[in-house]
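# Coordinate inspection notes
Chain residues, written in single-letter form:
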Amino acid sequence: MSTIFDYAVEFGDIPFGLKPLNEVDNVIFSRLSYLDLSDFDGKPLREVADTFHYTPDSEANRRNKVMIRTEELLKLIGATQRFGGVTVTDFEEIAGGSYETAFCGVAFRISDELSYISYRGTDEQILSFYEDAELAYSFPVKAQLAALSYTNHIFDTRSGSFYLGGHSKGGNLALFAYIFTKYENRDRIISVYNNDGPGFPKDLVGVLFTPQNSEKIINLAPNGSIVGRMLESGGAYTIVRSAAVGIAQHNVFTWTTNGDEFERADGFNILSEYMEDTLTQSLDTVSREDLKKTVESIYKIAKRGGIKTLDDINMKNSAYILLAILEAARSENNSGEEISGIVRTLAKSMIDSIDISKLLPNIEEASQEENDNM
């Protein structure tokens, strides 16, 4: 099984001038935006990789494993001819007290006339899935407006052509910036990559995504995608294989490569299709206020199970999730019927990430603990 790490090794000696940017390069750049690159404006990635403050081995077990892998990716690609000379520019981060105000963008200048603008998405914190879901009942969110302002500034101050892209919510921000930037800027955009990111409310898609502007949009999503099937996007989907199952497929380090592209899957799996159908039906019938309650309900269930990141999904926590779902189902009123469907589907995805045959003993143990705490 090969990953983007193997791609970086295999094609690291080939400069972008000889091999144009492809879908795997795009995912690498979209992942790098998760790092704090604020001190490296104007620096090539080879220098960034040499001087970046990496997480000490003694602290690695206490940090998000996906972020550790991102640091490892930086160290690897910084030593290659392909990525080493790419320059970091225009790093901007806006932190706010609410999820919707958080924004981070960074540009990677491949040559004097070509750059990739990367929009940071949500990380593997379960809290971040709450942020993705907010896009379903609030439009536009402040992060989208910040992304547009950021993009327009780069177009006003930089020459050349651009790729736009991001992972998770970052993919949505890339789409928003592309759709709402000035028409003359669109001509300078080569492609827009949405890497397993959510789309837009259904009633806006037909207006925002015309056949003409959708031609530049590339949606990459794993075959078990959940986040990437929230709402609707313009452009076609490229469905890729992942070595993970369930919601863990959102992690791009699990996407498998075949040479200079990702391995293709025949289609979305049953869970992803069911999730998409559930969300579509719910969004058509549930008010924005009820949808907000749905999202809050999901987050509370994950929190009660002790799940803060995808790494926390394990046998014991999944048992608590099942118990929390049963409790939620008992307390729901008739207006919450759609909510329970979404909650059950997301929980099933988490549970599918582990060996269900080993779960039953933990359900009994978790149930006993619940009774002891009452």
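Anything mentioned here points back to the structure above.
In this report, we go over the structure that sits alongside the text. (Residues numbered from 1 in each chain as written. Predicted model: local features only at pLDDT ≥ 70, side-chain atom pairs only at ≥ 80, totals over all residues. Heavy atoms only, no water.)

## Focus: helix α4 (residues 65-78)
Here α4 contains 14 residues, and its C-alpha end-to-end distance of 20 Å stays within 8% of the 20 Å for a straight helix at 1.5 Å per residue. All of the buried residues along α4 are Val66, Met67, Ile68, Thr70, Glu71, Leu73, Leu74, Ile77 and Gly78. Those residues of α4 hidden inside the fold are in contact with α1 (4-11), α2 (23-32), α3 (45-51) and α5 (81-84). (Helix = DSSP H or I, 4+ residues; strand = E, 2+ residues; numbered from the N terminus. Expected span 1.5 Å × (residues − 1). Buried < 20%, exposed > 50% of the residue type's maximum accessible area, 1.4 Å probe, protein only. Contact = heavy atoms within 4.5 Å.)

## A short note on the environment of Thr254
Relative to the elements of secondary structure, Thr254 occurs in the loop between β7 (236-240) and β8 (257-258). Each C-alpha atom of the pair Thr254 and Pro222 lies 9.3 Å from the other, and the pair is 32 residues apart in sequence. A polar side-chain atom of Thr254 sits 2.7 Å from the main-chain carbonyl oxygen of Asn251. (Polar contact = N/O pair within 3.5 Å; in protein donor to acceptor, adjacent residues only side chain to side chain.)

## What about the pairing of strand β6 (residues 217-222)?
The element β6 is extensively covered by neighbouring structure, given that five of its six residues are classed as buried. In this sheet, β6 lies alongside strand β5 (residues 189-195) in parallel orientation, the contact comprising four bridges. Across the sheet, residue Val192 finds its bridge partner in β6, namely Ile217. Pairing analysis gives five bridges linking β6 to β7, with the strands arranged parallel. Residue pairing in the sheet places Ala221 in a bridge with Ile239 of β7. (Pairing = 2+ DSSP bridges.)

## Notes on the nonpolar core
Counting 44 residues, the largest nonpolar core has Ile4, Phe29, Leu37, Leu45, Leu74 and Phe108 as the members making the most contacts within it. With residues near it in sequence (within four places) discarded, Leu74 still touches Leu32, Leu35, Leu45, Val48, Ala49, Phe52 and Tyr54. (Core = buried A, V, L, I, M, F, W, Y, C linked by side-chain atoms within 4.5 Å.)

## With respect to the packing of aromatic side chains
What the rule picks out here adds up to 17 aromatic pairs. Measuring from centroid to centroid gives 4.5 Å for Phe176 and Phe180, while their planes differ by 35 degrees, and the two rings are tilted. Remark: Phe180 and Phe176 occur in helix α8 (residues 169-180); sequence separation between them is four residues, near one turn of the helix. A residue is classified by how much of its surface remains accessible, and Phe176, at 2% relative accessible area, is buried. With a relative accessible area of 35%, Phe180 lands in the partly exposed category. Here the aromatic rings of Trp255 and Phe262 are separated by 5.6 Å at their centres, their planes lie at 80 degrees, and the arrangement is edge-to-face. For the pair formed by Trp255 and Phe262, the shared burial category is buried. Among the aromatic residues, those joined into a ring-pair cluster are Phe16, Phe29, Phe83, Phe108 and Tyr116. (Phe/Tyr/Trp six-rings, centres within 6.5 Å; stacked < 30°, edge-to-face > 60°.)

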